[in-house]
Amino acid sequence: MNAQRRHVIAGMAAAAMAGGLPLGAFAQKKVVLGFSQIGAESEWRTANTESIKSAAKEHGIELKFSDAQQKQENQIKAIRSFIAQRVDVIAFSPVVESGWETVLREAKAAKIPVILTDRAVNVKDDSLWVSFMGSDFLEEGRKAGRWLTEKMKDVKGEVHIVELQGTVGSAPAIDRKRGFEEIIKADPKFKIIRSQTGDFTRAKGKEVMEAFLKAEGKKINVLYAHNDDMAIGAIQAIEEAGLKPAKDIVIISIDAVKGAFEAMMAGKLNVTVECSPLLGPQLMQAVKDLKAGKTLPKRIVTEEGIFPMEVAAKEFPKRKY
Ligand code: GZL
């Protein structure tokens, strides 16, 4: 703040005190952010929520937070409520890609900017959202595919893969599948023999893996899970079937949450591809930049790695989620 502006504010404050106005009337009004979170379906989501709440506090931003329990209609309701409350900025992690045009048009009509975090939306008019920050799910799928093709490069016969997909219609499920298939299609020995959604949860991941094992049994060579929670559920099913996870069935998953590192250190998971949930600081900085009149980049990509079980013990102490 420059000296002239400081002088004016001091003058106004003195006049206010003389006139009995509360000094607080001149304190900077807090920026209000309305955030619609998907739910609490996985370790990743819990870490993402924690990152957003703690960053809002650190940045002095008033956060109106809503948990949609993985239902799109609840996210739409929450966004409408933020519009009615005239928040400064709306941000959300869209549970699925489609069905957002109407409510995003309402936000635009109310002149409230919308930031997408974590997952993208599929709308014709990209002016309905100002910025999308999150991972490159296609590249995450490719990383999983590259690790497997390298691991199995000397295998002569067919490699039978079962796939636990994320939430149907969600950006991560669509793109992690697409990226993985883009890589493995180069060698016809790789065959996805079963593929079904486990909705990103441990319980559903276990249930679907039990069905895969019943149907295909020892024919299964590889499990590709779109997130660690489903992989951890599947590991339980594999053990209950009397098989050794990461040995009888090679297991690849995505997120790199603490539970995945613990599974790798126990020798039950072969590799996890990183997908960082720590979007809070970036989001709050973007909200403040918006309020300061700055233009945000349309796409902000989070940089991420891949962690095979051989490095798990060394990396684990450094993990932040
Ligand atoms: C990815 C995120 C996904 C995680 C899952 O950015 O949307 O949703 O991979 C989470 O663990 O449930």
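Note that the coordinates shown come from a computational prediction; the quantities given were computed from them, not determined experimentally.

**Details of the sheet that holds strand E12 (residues 306–308)**
Hydrogen bonds between backbone atoms are what pair the strands of a sheet, whose relative direction is either parallel or antiparallel. What the six strands build is an open sheet, ordered E7-E6-E8-E9-E10-E12; its pairing is mixed. If you trace the sheet from one side to the other, it starts and ends with strand E7 (190–197) and E12, each paired once. Across the sheet, the axes of successive neighbouring strands diverge by a mean angle of 15°, strand direction being ignored. Where strand E8 (residues 222–225) lies against strand E9 (residues 250–255), three bridges are found, and the strand directions are parallel.

**Focus: the site of the ligand**
The local shell around the ligand holds 13 residues, among which Glu41, Asp118, Arg119, Arg176 and Asp255 are the closest. In this structure, an oxygen atom belonging to the ligand sits 2.9 Å away from a side-chain N or O atom of Ser42. Contacts to the ligand include Arg45, whose side-chain N or O atom sits 3.0 Å from an oxygen atom. Coverage of the ligand by the protein amounts to 100% of the 320 Å² it exposes when considered alone. When residues of the shell around the ligand are traced back to their parent elements, those giving at least two are helix H2 (43–58) and helix H6 (171–184). Looking at the shell around the ligand, its residues break down into five nonpolar, two polar and six charged. Taken domain by domain, the shell around the ligand gets at least three of its residues from each of domain 1 (30–134 + 277–302) and domain 2 (137–275).

About the criteria used
- Numbers given for residues are sequential positions, taken from 1 along each chain in its written order.
- Reporting in this predicted model follows two pLDDT cut-offs: at least 70 for local features of residues, and 80 or more for side-chain atom pairs to be given and counted; totals over whole chains, interfaces and linings ignore these cut-offs and use all residues.
- By convention in this description, side-chain values take in all heavy atoms of the structure and omit both hydrogens and water.
- Any two strands are treated as partners once DSSP identifies two or more bridges connecting them.
- Put simply, DSSP H or I for four residues or longer makes a helix, DSSP E for two residues or longer makes a strand, and each gets a number counted from the N terminus.
- The axes are straight lines fitted to the C-alpha atoms, using for helices just the contacting stretch, and the angles between their N-to-C directions are given from 0 to 180°.
- Working definition: residue near molecule or strand if any one of its non-hydrogen atoms lies within 4 Å of it.
- The term polar contact refers here to a pair of N or O atoms within 3.5 Å; inside protein, the definition further demands a hydrogen-donor-capable atom paired with an acceptor-capable atom, and it admits residues adjacent in sequence only when both atoms are side-chain atoms.
- Throughout, the Shrake-Rupley method with a 1.4 Å probe supplies accessible areas, and for residues the shown protein chains are the sole cover considered.
- As a working rule, the residues Ala, Val, Leu, Ile, Met, Phe, Trp, Tyr, Cys and Pro are called nonpolar, Asp, Glu, Lys and Arg charged, and the rest polar, with Gly in that last group.
- Domain segmentation is taken from an automatic or database assignment of domains.

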